[in-house]
Amino acid sequence: MITREHILKWLDAYTQAVNAHADELNRLDAALGDGDFGASIQRGLAAVQSKVPSIAEQDIGAILKMVGMTLVSVMGGTSGPLLGTLFIQMGGKTQGVTELSLCDWTEALRAGVDGVMARGKAQIGDKTMLDAFVPAVEALRAAVAQSAPVEIALQRAADAAKFGRDETARLVARKGRASYVGERGVGSIDPGAANAYLFIQAMADVVGDKVGN
Ligand code: ADP
Ligand code: MG
């Protein structure tokens, strides 16, 4: 089971991972866009952390919605509304509950990723965050179908996200600011996909008990 405690620890672990990689995310965005991605997500997650104590006793849906609304209001840029949508849709699937099965988590993430696709109109292969998030959801769905243990399923999702992230280097961007760079962006990893990997890996680390308490 994925508990509310796991969700709170995951938000913390994800925030720490973004803080540790903020400069790298900025550099990746500088190669393809305007160089603000790391600073922007870092600012968004700092605002989230300041609100967590006031909402930590509520259900998982309320916590995830708060995260989404905060990212939308604080981040701006292209990724703010998209990551906000991801969390808000995940919150919609997890309303009123304080525990999630692997299947529930998978469906929540799927709803979030569907929300990003609906809002941003990007597809897999466009060199965006979707190139890491979509394979992660597919890995989770396969693991659910095989009744794989939750820690193993989450690590497979993280491996899929990492692979997808690295594959974005070979792609030509078709969405957002990176599409103006076009062919010249080949060789660079998409920062949104790099962030997606941190998001997915943090969950695997927390549930697999690989981060401190
Ligand atoms: P900008 O500075 O151009 O406003 P950000 O730096 O906030 O954008 O975010 C850039 C990231 O947003 C990209 O790395 C990419 O992963 C993601 N992105 C851009 N457009 C889309 C889209 N239509 N759908 C999904 N993700 C997108
Ligand atoms: Mg940018």
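Summary of the structure given here. (Residues numbered from 1 in each chain as written. Chains lettered and ligands numbered in written order. Predicted model: local features only at pLDDT ≥ 70, side-chain atom pairs only at ≥ 80, totals over all residues. Heavy atoms only, no water.)

1. Remarks on the overall build of the chain
From N to C terminus, the chain includes nine helices and two strands. Going from N to C terminus, the chain has its helices and strands arranged as β-α-α-α-α-β-α-α-α-α-α. The principal-axis extents of the C-alpha atoms in the chain amount to approximately 45 × 40 × 30 Å. Residues counted as buried form 54% of the 213 residues belonging to the chain. Sequence separation of at least 24 residues holds for 69% of the intrachain contacts in the chain that already meet a minimum separation of 6. Across the chain, 21 positive and 24 negative side-chain charges occur, with their mean positions spaced 5 Å apart. (Helix = DSSP H or I, 4+ residues; strand = E, 2+ residues; numbered from the N terminus. Buried < 20%, exposed > 50% of the residue type's maximum accessible area, 1.4 Å probe, protein only. Contact = heavy atoms within 4.5 Å. Lys, Arg positive; Asp, Glu negative; His and termini not counted. Charge placed at Lys NZ, Arg CZ, Asp CG, Glu CD.)

2. A short note on the site of ligand 1
The local shell around ligand 1 holds 18 residues, among which Thr 78, Ser 79, Gly 120, Arg 177 and Asp 190 are the closest. Ser 79 places a polar side-chain atom, nitrogen or oxygen, 2.6 Å from an oxygen atom of ligand 1. Arg 177 is positioned such that a nitrogen or oxygen atom in its side chain is 2.8 Å from an oxygen atom of ligand 1. When isolated, ligand 1 has an accessible area of 580 Å², and the protein chains bury 93% of it. Taken atom by atom, the bulk of ligand 1 overlaps the largest pocket. At the level of secondary structure, the elements contributing two or more residues to the shell around ligand 1 comprise α4 (79-93), α5 (102-120) and α9 (191-207). Split into classes, the residues belonging to the shell around ligand 1 amount to six nonpolar, six polar and six charged. (Near = heavy atom within 4 Å. Polar contact = N/O pair within 3.5 Å; in protein donor to acceptor, adjacent residues only side chain to side chain. Areas by Shrake-Rupley, 256 points an atom, 1.4 Å probe, with all protein chains shown as cover. 1 Å grid on protein atoms, 1.4 Å probe; cavity = no way out; pocket = protein on both sides within 12 Å on 5 of 7 lines; lining within 4 Å. Sits in = over half its atoms within 2 Å of the grid points. Nonpolar A, V, L, I, M, F, W, Y, C, P; charged D, E, K, R; others polar.)

3. Topic: the coordination of the magnesium ion (ligand 2)
Within the protein, the atoms that donate to the magnesium ion (ligand 2) are Asp 29 (OD), Asp 34 (OD) and Asp 36 (OD), at distances of 2.1 to 2.3 Å. Each donor residue of the magnesium ion (ligand 2) lies on the same chain, and together they follow the pattern D-x4-D-x1-D. (Donors = N, O, S within 2.8 Å, 3.2 Å for Na, K, Ca; no water.)

4. Structural notes on empty space enclosed by the protein
Unfilled space is identified by rolling a water-sized probe across the atoms. Under the definition given, this model contains one cavity of 30 Å³ or more. For the largest cavity, the calculated volume is near 30 Å³. Lining the largest cavity, in full, are Trp 105, Leu 109, Leu 140, Leu 154, Ala 157, Ile 200 and Met 203. When residues of the lining of the largest cavity are traced back to their parent elements, those giving at least two are α5, α7 (150-167) and α9. (Points joined across faces, edges and corners; volume = space filled by probe spheres on them.)

5. Brief notes about the layout of surface pockets
Empty space within the largest pocket amounts to approximately 520 Å³. For the largest pocket, the lining is made up of 25 residues, of which Thr 78, Ser 79, Lys 175, Gly 176 and Arg 177 are closest to its centre. Put simply, the parts of the chain that give the lining of the largest pocket at least two residues each are α1 (4-32), α2 (37-55), α4, α5 and α9.

6. Some words on the packing of aromatic side chains
Taken as a whole, this structure holds seven aromatic pairs when the rule is applied. Between the aromatic rings of Phe 133 and Phe 199, the centroid separation amounts to 5.1 Å while the plane-to-plane angle is 85 degrees, which identifies the pairing as edge-to-face. Pair noted here: Phe 133 is in helix α6 (residues 130-145) and Phe 199 is in helix α9, with a separation of 66 residues, a long-range link. Considered together, Phe 133 and Phe 199 belong to a single accessibility category, that of buried residues. By the ring-pair criterion, three or more aromatic residues cluster together here, those being Trp 10, Tyr 14, Phe 87, Trp 105, Phe 133 and Phe 199. (Phe/Tyr/Trp six-rings, centres within 6.5 Å; stacked < 30°, edge-to-face > 60°.)

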